[in-house]
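# Observations on the three-dimensional arrangement
Given next are the chains, with one letter for each unit.
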Amino acid sequence: MSEPSPVSPRRRMSKQQRHTQLLQVARELIRDAGTGEFTLARLADRAGVTKPLVYDHFGDRDGVLAELYREFEARQRETLRAALGETEPDLPPVADLVAGAYIDCCLAEGRELADVVAALTGSATLNRLRQEAEAAYLDMCREALTPLAGPIDTAGLQAIVGAGDALARSALDGRISPERARDALARVVTAVATENRHPTSEETS
């Protein structure tokens, strides 16, 4: 009979590795039981670390939730940036990509993101994060759409976010399909982009 293999010693993580691990475990906890049951003590227990270590990384419960929200927004912008880098500079495909990136990222997060946002509602931290994240996302949309359709005002761009949130919720609830959500948002993007565009001489001839 062969002798059992020796147990490998637990590898020490760097602070950044531990931070990443704790956020992943936090996502799992919220996925399993929602934010109502989420505490730093449960996070420490699930991750196999001490409570003081978790407090050192996040400060408090809202600190974890804010980090999860920040991660989502960063992924959403990166998804759009990568997609825009691979498409032709024409309004229909760009509108499709802006819409697809928004809906797909919301669906990928599922109910976890909705729970995190709900738990942080009324938080000054979340309000600041949402304003910063929305501004960064809309700047990307403006940069992608303006060369194809002319100047776009902020109110129009905010309409894209509002419509995207509503359509993503409907898709998550199963009231519409993801494809329908993407298509509807692409139409909103196109309408916003072309609202103030003046027809060219070729279009009026």
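Residues numbered from 1 in each chain as written. Predicted model: local features only at pLDDT ≥ 70, side-chain atom pairs only at ≥ 80, totals over all residues. Heavy atoms only, no water.

Residues Val54, His57 and Phe58 constitute the buried set of helix H3 (residues 51-58). Projected down its long axis, H3 shows its buried positions confined to an angular sector of 75 degrees, all on one face. Among the exposed residues of H3, those pointing more than 90 degrees away from its buried face are Pro52 and Asp56. If you follow the buried residues of H3, they end up packed against helix H1 (15-33), helix H2 (40-47) and helix H4 (61-84). Of the residues flanking the end of H3, it is Gly59, one or two places downstream, whose phi is positive at about 85 degrees. (Buried < 20%, exposed > 50% of the residue type's maximum accessible area, 1.4 Å probe, protein only. Helix = DSSP H or I, 4+ residues; strand = E, 2+ residues; numbered from the N terminus. Arc of directions from axis to C-beta. Contact = heavy atoms within 4.5 Å.)

Packing of H1 against H3 leaves a shortest axis separation of 11 Å and a crossing angle of 100 degrees. Looking at the two axes, H1 sits roughly perpendicular to H3. For the pair formed by H1 and H3, the contact residues are Lys15, Arg18, His19, Leu22 and Leu23 on the first element and Leu53, Val54, Asp56, His57 and Phe58 on the second. The residue inventory of the contact of H1 with H3, partitioned by class, reads 5 nonpolar, 2 polar and 3 charged. (Axes fitted to C-alpha atoms, helices over the stretch in contact; angles between N-to-C directions. Parallel < 35°, antiparallel > 145°, perpendicular 65-115°, else oblique. Nonpolar A, V, L, I, M, F, W, Y, C, P; charged D, E, K, R; others polar.)

With that settled, the discussion passes to empty space enclosed by the protein. Following the criterion strictly, the structure yields 2 cavities of 30 Å³ or more and no others. Each pocket or cavity is described by its volume, and for the largest cavity that value is around 60 Å³. Lining the largest cavity are Arg27, Ile30, Leu68, Tyr69, Phe72, Glu109, Glu112, Leu113 and Val116. Counting residues per element, the lining of the largest cavity draws most heavily on helix H5 (residues 91-120), which supplies 4 residues. When its residues are assigned to classes, the lining of the largest cavity shows 6 nonpolar, no polar and 3 charged. (1 Å grid on protein atoms, 1.4 Å probe; cavity = no way out; pocket = protein on both sides within 12 Å on 5 of 7 lines; lining within 4 Å. Points joined across faces, edges and corners; volume = space filled by probe spheres on them.)

Attention now goes to the layout of surface pockets. Approximately 370 Å³ is the volume found for the largest pocket. Surrounding the largest pocket, 20 residues form its lining, Cys106, Leu113, Val117, Arg130 and Asp165 being those nearest its centre. Elements with a minimum of two residues in the lining of the largest pocket: H4, H5, helix H6 (124-149) and helix H7 (154-172).

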